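Architecture and fold: a report
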Amino acid sequence: MSLVIENLTAQIPDRQILNGLNLTINPGEVHAIMGPNGSGKSTLSKVLSGHSDYEVTAGTVTLDGQNILDLEVDARARTGLFLAFQYPHEIPGVSNANFLRAALKARLPEGEDIDAVAFYKQLYTRMDQLEMDRSFTGRSVNEGFSGGEKKRNEILQLMMLEPKYAILDETDSGLDIDALKVVARGVNAMRSESRGFLLITHYQRLLDYIQPDIVHVLMDGQIVLTGGKDLALKLEEKGYDWVKDEVLATA
Amino acid sequence: MPDTLTAPASLATTAPTPSADLPQWFAERATTAWTTFDSLPIPGIKDEHWRYSNAKRLDPAAFHRATPAPESAEAEAVASSIGLSDTAARLIFVNDQLVQSDTHALPEGVICETLTDALIKHPEVVQQHFMQREAALGSAKFAALHLAHVQAGIVVIVPKNVVVENPIEVFHWVATENAAIFPHTLIVAGDNASVTVVDHYRTLGEIPAFSCAVADFVAQPGGRITYAHCQELGNAATALHLSSTSAHRDSQIKSFQVQLGAAFSRSESISDLLGQGSRSDMISISLPTASQVVDQRTLQHHAAPHTGSDLLYKNALYDTSRTIFAGLITVDEGAHFTDAYQTCRNLINSEEAEANSMPGLEINADQVKCSHGSTSSPVSDEELFYLKARGINDHDSRKLIVQGFLEDTLSRLDHEPLRHLIEQRIESKLASIA
């Protein structure tokens, strides 16, 4: 039982971005992927969630034994994969509460509906944890939200949907330190033995608040270095050029 | 040959005979209208008011005037007339015949009669307001046809300071193939009076039929009228809805149209802002599917200073459907400090669907705030991806986006049960979309 990425190779027209990436995330583990701009970090999240701009040309991704690359975007999500977007989209006119209800309902057998009372109880509990005002339930999804509010809203969805594996794509970008702490608290509250995380980030700062078990460095669409959380500190101190030298030295 | 085997005479050839019970002025207008109808040609495609459309879709030769439906059809229509649960009055017409009426919950003094009864009981007030506005947006011929044939529909007159809390709800059914009905709605809100009226237009089954409706609203100083029309005729039917509002000083008129049925539906809506401080909201929703055509013409006419009008038309198009929107704002000389807005938005769900928009402005006054705009865009791939990434399937994601798109029209309906009813009707159409 784990999220297993093997030899994942993917491209946009005319350009290969992932070059045979291997990564296994077990439930209970928090992995961080760091890398310079253009290394393929965000592509990895989009490819895993099934965005149609990217074509997978080789490799496999299995979630608890199930091959997910053949599944549509929505079906992948329903297997228990969650992506917290770097740039969450605005959905005019669709309230946050209706959106979450629709997402939860999509996980129930045809014809069944969620218990509205229990839903709101859970929703308010989670919003309180994220210090989100109740008015966000009635507001259109992400419309007019500040950067920090959008990121909190992503974590709120994570908390409500309780996925088996969550990918957080640059969740720290655009957050001030207070917002970062709140978001991190939300993520930490969701850490459990049965849930795996993949944090994609450019900076080490996020990892001060969400402590990873394993840190990987992504370059040119491949994981080139893996270590403990001290690897992130080293990166912060020495920069990504240091990795290049390191990799070349061991090659 | 027995009568039953004779094909009914078409609308184009039979001059109707007004009932002898009706006031003479009305009989004269009906007779004159027939002459007008007969003398006017069906507008051609070069007629500016029919650009991108085709008036032949309303060819009266294809229809005959509805005659009373069999009792079983009337009973079926009554059983299917499910609408609001709390109403001040509820009337059901089948083939232009009143088959059920319940007006007991109306406040004292409110007149809510069928047009025929109102003509007999309150001839002066009906004469004062009945079809006073010229059909200036292209359908003069069909307005004349309506006047020549009209007998069904209602007249609502709310006396000064009377507030009718619950809506008056009217169902108009066509139960016979190729039959035409002529539903009429006249609402007069007295000084500071308030009333809400809902018209439903439906067919019994998927039959070709023609609903040729006229609705006129008059709000006296401080009066408020909310009107909704919910057009759910069968997909083989033809719909015409000509409406006018006359807004006097400090009055407010809100009109909602919901176009869901008919192969071809045409609406012409005129708002005359006649008194200072008056305001008109014109809101429309359509969800055409298959080869449905929705043709919408509007005029916001500001004749007095400090008046406001706000038009918001939203169309979500599917399949090979088409919409046509032509809207004009005119601000008369002296109508200073006018606020007039006109927005038409089209959400395109199919590459083969087509939305045509022709917004227009004519301003002859100073200190005026006016804007008009129209947009057409496909459903955003990124929005869809976001919803699907949360596990919502393609069909439901698209439905959510369309519902979201329509939200700012529905949110203008401040009557909660009415809003809920319209949401349900939209939901039922959305559920039928594969």
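Scope of this entry: the structure provided in the associated data block. (Residues numbered from 1 in each chain as written. Chains lettered and ligands numbered in written order. Predicted model: local features only at pLDDT ≥ 70, side-chain atom pairs only at ≥ 80, totals over all residues. Heavy atoms only, no water.)

In this section: the overall build of chain B. Helix and strand counts for chain B stand at 8 helices and 21 strands. Compactness check: chain B gives a C-alpha radius of gyration of 21 Å against a globular reference of 22 Å for 434 residues, within 12% of the reference. Referenced to the eigenvectors of the C-alpha coordinate spread, the extents of chain B come out at roughly 65 × 55 × 45 Å. By residue count, 59% of the 434 residues in chain B fall in the buried class. A separation threshold of at least 6 residues defines the contact pool for chain B, and within that pool the share at least 24 residues apart is 83%. Charge centroids of chain B, computed over 30 positive and 52 negative side chains, lie 5 Å from each other. (Helix = DSSP H or I, 4+ residues; strand = E, 2+ residues; numbered from the N terminus. Rg over C-alpha atoms; globule rule 2.2 N^0.38 Å. Buried < 20%, exposed > 50% of the residue type's maximum accessible area, 1.4 Å probe, protein only. Contact = heavy atoms within 4.5 Å. Lys, Arg positive; Asp, Glu negative; His and termini not counted. Charge placed at Lys NZ, Arg CZ, Asp CG, Glu CD.)

Let us now look at unusual backbone geometry. Residue and element names in this part refer to chain B. Of note, Tyr52 is a non-glycine position whose phi angle comes to about 65 degrees, a positive value. Mapping Tyr52 onto the fold places it in the loop between α1 (24-39) and β1 (64-65). Its relative accessible area of 39% is what places Tyr52 among the partly exposed residues. The backbone of Asn192 sits at a positive phi, close to 55 degrees, despite the residue not being glycine. Checked against the element boundaries, Asn192 lands in the loop between β8 (184-189) and β9 (194-203).

Moving on, we get to the side chain of Asn349 of chain B. Residue and element names in this part refer to chain B. For Asn349, the position within the fold is in the loop between β19 (339-348) and β20 (354-363). According to the relative accessible area criterion, Asn349 is buried, its value standing at 19%. Here the side chain of Asn349 touches Leu347 through a polar contact of 3.4 Å, landing on its backbone oxygen. Those residues within four positions of Asn349 in sequence are excluded, and the remaining contacts are Ala316, Leu317, Tyr318, Val379 and Val402. (Polar contact = N/O pair within 3.5 Å; in protein donor to acceptor, adjacent residues only side chain to side chain.)

Right, let's get into the layout of surface pockets. Considered as a void within the structure, the largest pocket measures approximately 1,100 Å³ in volume. Contributing elements (two or more residues each) for the lining of the largest pocket: β7 (91-95) and α3 (96-105) of chain A together with α7 (394-410) and α8 (416-431) of chain B. Of the residues forming the lining of the largest pocket, the biggest block, 8 residues, is contributed by α7 of chain B. A per-class count over the lining of the largest pocket returns 11 nonpolar, 9 polar and 13 charged. (1 Å grid on protein atoms, 1.4 Å probe; cavity = no way out; pocket = protein on both sides within 12 Å on 5 of 7 lines; lining within 4 Å. Points joined across faces, edges and corners; volume = space filled by probe spheres on them. Nonpolar A, V, L, I, M, F, W, Y, C, P; charged D, E, K, R; others polar.)

What follows concerns the packing of α3 of chain A against helix α5 (residues 147-161) of chain A. Residue and element names in this part refer to chain A. Where α3 meets α5, the closest approach of the two axes is 10 Å, and the angle between their N-to-C directions is 35 degrees. In this structure, α3 meets α5 at a crossing whose hand is right-handed. Listed contacts from α5 to Asn96, Phe99, Leu100, Ala103 and Leu104 of α3 are Asn153, Leu156, Gln157, Met160 and Leu161. Considered class by class, the residues forming the contact of α3 with α5 number 7 nonpolar, 3 polar and no charged. (Axes fitted to C-alpha atoms, helices over the stretch in contact; angles between N-to-C directions. Left-handed = near helix turned anticlockwise from the far one by under 90°.)

For the rest of this paragraph, the subject is helix α6 (residues 381-388) of chain B. For an α-helix, the turn length of 3.6 residues means that residues three or four places apart are oriented alike. Residue and element names in this part refer to chain B. Counting buried residues along α6, 6 of its 8 residues qualify, which places the element largely inside the surrounding structure. Turning to α6, its buried residues number three or more, namely Glu383, Leu384, Phe385, Tyr386, Leu387 and Lys388. Where α6 begins, one side-chain oxygen reaches toward the backbone nitrogen of Glu382, 3.2 Å away; that side chain belongs to Ser380.

Our next topic: empty space enclosed by the protein. For the coordinates displayed, the defined rule picks out 4 cavities of 30 Å³ or more. Roughly 60 Å³ of volume is contained in the largest cavity. For the largest cavity, the full set of lining residues is Ser243, Thr245, Ser255, Gln257, Ser269, Ile270, Ser271, Met282, Ile283 and Tyr313 of chain B. Only β12 (238-247), β13 (252-259), β14 (264-273) and β15 (279-286) of chain B provide two or more residues apiece to the lining of the largest cavity. Of the voids in this model, the second largest cavity is the one considered here, and its volume is about 50 Å³. Elements that contribute at least two residues to the lining of the second largest cavity include exactly α2 (73-79) and β6 (81-84) of chain A. Partitioning the lining of the second largest cavity into residue classes produces 6 nonpolar, 1 polar and 1 charged.

Our focus in this paragraph is the packing of α6 of chain B against α7 of chain B. Residue and element names in this part refer to chain B. Two elements in contact, α6 and α7, have axes whose closest approach is 9 Å; the angle formed by their N-to-C orientations is 120 degrees. Viewed along their axes, α6 and α7 adopt a mutual orientation that is oblique. In the packing of α6 onto α7, the handedness of the crossing is right-handed. Taking contact as the criterion, the partners of Glu383, Leu384, Leu387 and Lys388 in α6 are, on α7, Asp394, Ser397, Arg398, Leu400 and Ile401. Here the residues of the contact of α6 with α7 are counted per class, giving 4 nonpolar, 1 polar and 4 charged. (Parallel < 35°, antiparallel > 145°, perpendicular 65-115°, else oblique.)

The full count for this structure, using the stated rule, is 14 aromatic pairs over all chains. Pairing Phe217 of chain B with Tyr227 of chain B gives two aromatic rings, centres 4.5 Å apart and planes at 40 degrees, and the pair type is tilted. A residue pair is termed long-range when its members are at least 10 positions apart, and Phe217 of chain B in strand β10 (residues 209-219) and Tyr227 of chain B in strand β11 (residues 224-232) qualify at 10 residues. Judged by relative accessible area, which is 1%, Phe217 of chain B ranks as buried. Grouping aromatic residues by their ring pairs yields a cluster made of Phe85 and Phe99 of chain A together with Phe385 and Tyr386 of chain B. One Lys or Arg, Arg134 of chain A, reaches over the ring of Tyr124 of chain A and ends 4.2 Å from the middle of that ring. Positioned above the aromatic ring of Phe37 of chain B, the side-chain terminus of Lys141 of chain B is 4.0 Å from the ring centre. (Phe/Tyr/Trp six-rings, centres within 6.5 Å; stacked < 30°, edge-to-face > 60°. Lys NZ or Arg CZ within 6 Å of the ring centre and 35° of its normal.)

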